Amino acid sequence: SIDQPATSLHLPTDASSLLTPLLNLFISHLTLLQQKGFSPFQKRFNELLAFKGETITLHLPKKTVTGICDSITPDGRLKLVLPSGDSLTFSSGEI
């Protein structure tokens, strides 16, 4: 038996009523990013950071780096703490 109430996303609506609020939010965030850079978004990105405090391996084109996933820096880079205690930041890579 199903113990959850039934729901539906099929509501009579038009695309504009769904997309307009998203577009407005996107434009406001894009404007903020252009004016102030990444720093206004840093706190929220750190709150949502997957693997924070966990050991991860970052795969780069020519090497891999293993360390503790620490944070997102004010310029949007991933900060890893290495086993030596040193920190490195990365702007790209695959976890």
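The structure contained in this document is the topic of the report that follows. What you are looking at is a predicted structure, and each value in this text was computed from that prediction instead of being measured.

Parameters at a glance
- Residues numbered from 1 in each chain as written.
- Predicted model: local features only at pLDDT ≥ 70, side-chain atom pairs only at ≥ 80, totals over all residues.
- Heavy atoms only, no water.
- Buried < 20%, exposed > 50% of the residue type's maximum accessible area, 1.4 Å probe, protein only.
- Helix = DSSP H or I, 4+ residues; strand = E, 2+ residues; numbered from the N terminus.
- Pairing = 2+ DSSP bridges.
- Axes fitted to C-alpha atoms, helices over the stretch in contact; angles between N-to-C directions.

1. Overview of the pairing of strand β1 (residues 55-59)
Logical step 1: The alternating pattern of β1 places Ile56 and Leu58 on a buried face, while none of Thr55, Thr57 and His59, on the opposite face, is buried.
Logical step 2: Where β1 and strand β2 (residues 64-72) come together, five bridges link them in antiparallel fashion. Looking at β2, one finds that Leu58 is bridged to Val65.
Logical step 3: Counting the residues that bridge the hairpin from β1 to β2 gives four residues.

2. A few points about the sheet that holds β1
Logical step 1: Reading across the sheet, the four strands line up as β1-β2-β3-β4 and stay open at both edges, with antiparallel pairing between neighbours. Every other strand in the sheet has two partners, leaving β1 and β4 (87-90) as the edge strands with one partner each. Across the sheet, the mean angle from the axis of one strand to that of its neighbour is 50°, orientation sign disregarded.

Function cannot be inferred from these measures alone, as they are strictly geometric.
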